[in-house]
Amino acid sequence: MLLRNIWRGFLPATAAGFCLFSSATYAANILVGSGPDTSYFVLESPNIGSRTYEISYTYDASEMQDGFSMLDSLLGADAMLTADISNFGTAMDPNFFVNSFTFNAVTEVSVSSSPFVPYWAHWVSGGEAGFPTAAPVATETWSAGSGISSPYRLIVPGSWDALVYNDGVTAPSVAPIPEPSALLLVTAGSLVLLRRRRSN
């Protein structure tokens, strides 16, 4: 009887787990790089869609790692994506801005004349950002960025950057909170349902 109850609980739990697994796989982050630390970079536009890159690296506060280093990593890893980037600073003190992205042969360019919309607007969560010098940024909520390179944008493990092709007022549609892995969702769903069955 106990075995039958466990089996009855296992089947729905497994089904629920696979549903969670398939939905999480469908919306999975694009994994880039290696290292013990992780930050996230979102690209979003009408033609590119919404792409979330989960970038692994080794954090070193003394190196003043910035949003541009994250962007550089994902560009090196995604063969279908290229960018036209301008430096409004100098070689020694750069200030990078993205003019356009091309993805799968479709290019979206920031409008360079009034009213300057749409353009690749920068958004941040966690880490530091600001003009003329970076300051701490709240986590789990988007704030307007002011340049992807140091000293205007400094990342920390768990921080998020986004470039969104829109009016600069509308925040990214992706919430800046890491999703639990699909395997963790499957396991959690299975354990909850099994425990519920055993207690009945």
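Shown above is the structure to which this text applies.
Everything quoted here is computed from the prediction, not taken from an experiment. Within every chain, residues take consecutive numbers counted from 1 along the sequence as written. Confidence filtering applies because this is a predicted model: local features only for residues at pLDDT of at least 70, side-chain atom pairs given and counted only at 80 or more, and all residues used for totals across whole chains, interfaces and linings. Only hydrogens and water are removed before side-chain values are computed, so all heavy atoms of the structure are retained for them.

Engineer: Could you give an account of the environment of Glu 54, naming the residues involved and the relevant values?
Structural biologist: Each helix is a run of H or I in the DSSP string that is no shorter than four residues. Each strand is a run of E no shorter than two, and both are numbered from the N terminus. On the secondary structure map, Glu 54 appears in strand S3 (residues 49-57). Three labels apply to residues, based on accessible area from a 1.4 Å probe with only protein chains included: buried if under 20% of the type maximum, exposed if over 50%, partly exposed otherwise in between. Glu 54 sits in the partly exposed class, given a relative accessible area of 22%. Spatially, the C-alpha atom of Glu 54 lies 5.8 Å from that of Asn 29, the residues being 25 residues apart in sequence. Each residue touching Glu 54, except ones within four places of it in the same chain, is listed here: Asn 29, Ile 30, Leu 31, Val 32, Thr 38, Ser 39 and Tyr 40. Contact criterion: two residues are considered in contact whenever any of their non-hydrogen atoms come within 4.5 Å of each other.

Engineer: If you had to explain the pattern of salt bridges to someone new, which residues and values would you point to?
Structural biologist: Between Lys or Arg on one side and Asp or Glu on the other, a salt bridge is scored when a side-chain nitrogen of the former is within 4 Å of a carboxyl oxygen of the latter. Overall, the coordinates contain two salt bridges when judged by the stated rule. When the shortest N-O distance is used, the salt bridge between Arg 51 and Asp 78 registers 2.7 Å. Here Arg 51 is found in strand S3, whereas its partner Asp 78 is found in the loop between helix H2 (67-77) and strand S4 (81-87), with 27 residues between them in sequence. Each member of the pair, Arg 51 as well as Asp 78, is classed as buried. Among the salt bridges present, the one from Asp 161 reaches Arg 153, with a minimum N-O distance of 3.0 Å. Just as Asp 161 is buried, Arg 153 falls in that class too.

Engineer: With reference to specific residues and values, describe the sheet that holds strand S12 (residues 160-166).
Structural biologist: Any two strands are treated as partners once DSSP identifies two or more bridges connecting them. The six strands lie next to each other as S1-S3-S2-S12-S7-S10, forming an open sheet whose pairing is mixed. A single partner strand is all that each edge strand has here, and the edge strands are strand S1 (30-33) and strand S10 (143-144). By the bridge criterion, two bridges tie strand S7 (residues 119-125) to S10 in an arrangement that is antiparallel. Following the sheet pairing, Val 124 is matched in S10 by Ser 143. Running over the sheet, H2 touches S1, strand S2 (37-45), S3 and S12 and is turned about 75° from S2. Note on geometry: axes are C-alpha line fits, over the in-contact stretch for helices, and angles between N-to-C directions span 0 to 180 degrees.

Engineer: Tell me what's going on with the nonpolar core, and back it up with residues and numbers.
Structural biologist: Here, the term nonpolar core denotes a set of buried Ala, Val, Leu, Ile, Met, Phe, Trp, Tyr and Cys residues that are joined through side-chain atoms within 4.5 Å. Within the largest apolar cluster, 22 residues are counted, with the highest numbers of intra-cluster contacts made by Phe 41, Leu 71, Leu 74, Phe 101 and Leu 163. Breaking this core down by element, the ones donating at least two residues are S2, S3, H2, strand S5 (96-103) and S12. Among the elements that take part in this core, H2 stands out by supplying five residues, more than any other. Beyond its immediate stretch of four places on either side in the chain, Leu 74 contacts Val 32, Phe 41, Leu 43, Tyr 53, Ile 55 and Leu 81.

Engineer: A description of the environment of Ala 83 should follow, citing residues and the corresponding values.
Structural biologist: Summarising the element assignment, Ala 83 is placed in strand S4. For the pair formed by Ala 83 and Phe 103, sequence separation is 20 residues and the distance between their alpha carbons is 8.8 Å. The residues contacting Ala 83, other than those within four sequence positions of it, are Leu 75, Ser 100 and Phe 101.

Engineer: So what's going on with the environment of Ser 146? Which residues, and what values?
Structural biologist: In this structure, Ser 146 sits in the loop between S10 and strand S11 (153-154). In this structure the C-alpha to C-alpha distance between Ser 146 and Ala 121, which are 25 residues apart in sequence, comes to 8.9 Å. Throughout this description, a polar contact denotes any pair of N or O atoms lying within 3.5 Å of each other; where both atoms belong to protein, one of them has to be capable of donating a hydrogen while the other can accept it, and for residues adjacent in sequence the pair is counted only when both atoms sit in side chains. At 3.3 Å, the side chain of Ser 146 forms a polar contact with the backbone oxygen of Gly 130.

Engineer: Provide a residue-level description of the packing of aromatic side chains, including the pertinent values.
Structural biologist: Think of a pair of aromatic rings as described by two things: how far the centres are apart, and how the planes are tilted against each other in angle. Under the pairing criterion, centres of Phe, Tyr and Trp rings, with the six-membered ring standing for Trp, must be within 6.5 Å; the plane angle then separates stacked pairs below 30 degrees from edge-to-face pairs above 60, leaving the rest tilted. What the rule picks out here adds up to seven aromatic pairs. Arranged with centres 4.4 Å apart and planes meeting at 15°, the rings of Tyr 40 and Trp 160 form a pair that is stacked. Remark: Trp 160 occurs in strand S12 and Tyr 40 occurs in strand S2; sequence separation between them is 120 residues. Judged by relative accessible area, Tyr 40 falls into the buried class, the value being 8%. The structure contains a cluster of three or more aromatic residues connected by ring pairs, namely Tyr 40, Trp 142 and Trp 160.

Engineer: So what about unusual backbone geometry? Which residues, and what values?
Structural biologist: Cis geometry marks the peptide bond from Val 117 to Pro 118; its omega dihedral reads 0°. Mapped onto the fold, Pro 118 is located in the loop between strand S6 (106-109) and S7. Omega for the bond connecting Phe 131 with Pro 132 falls within 30 degrees of zero, at 5°, which places this linkage in the cis form. One non-glycine residue, Met 64, lies in the positive phi region at around 50°. Among the residues examined, Met 64 registers a relative accessible area of 43% and is labelled partly exposed. Even without being glycine, Ala 105 reaches a positive phi, approximately 70°.

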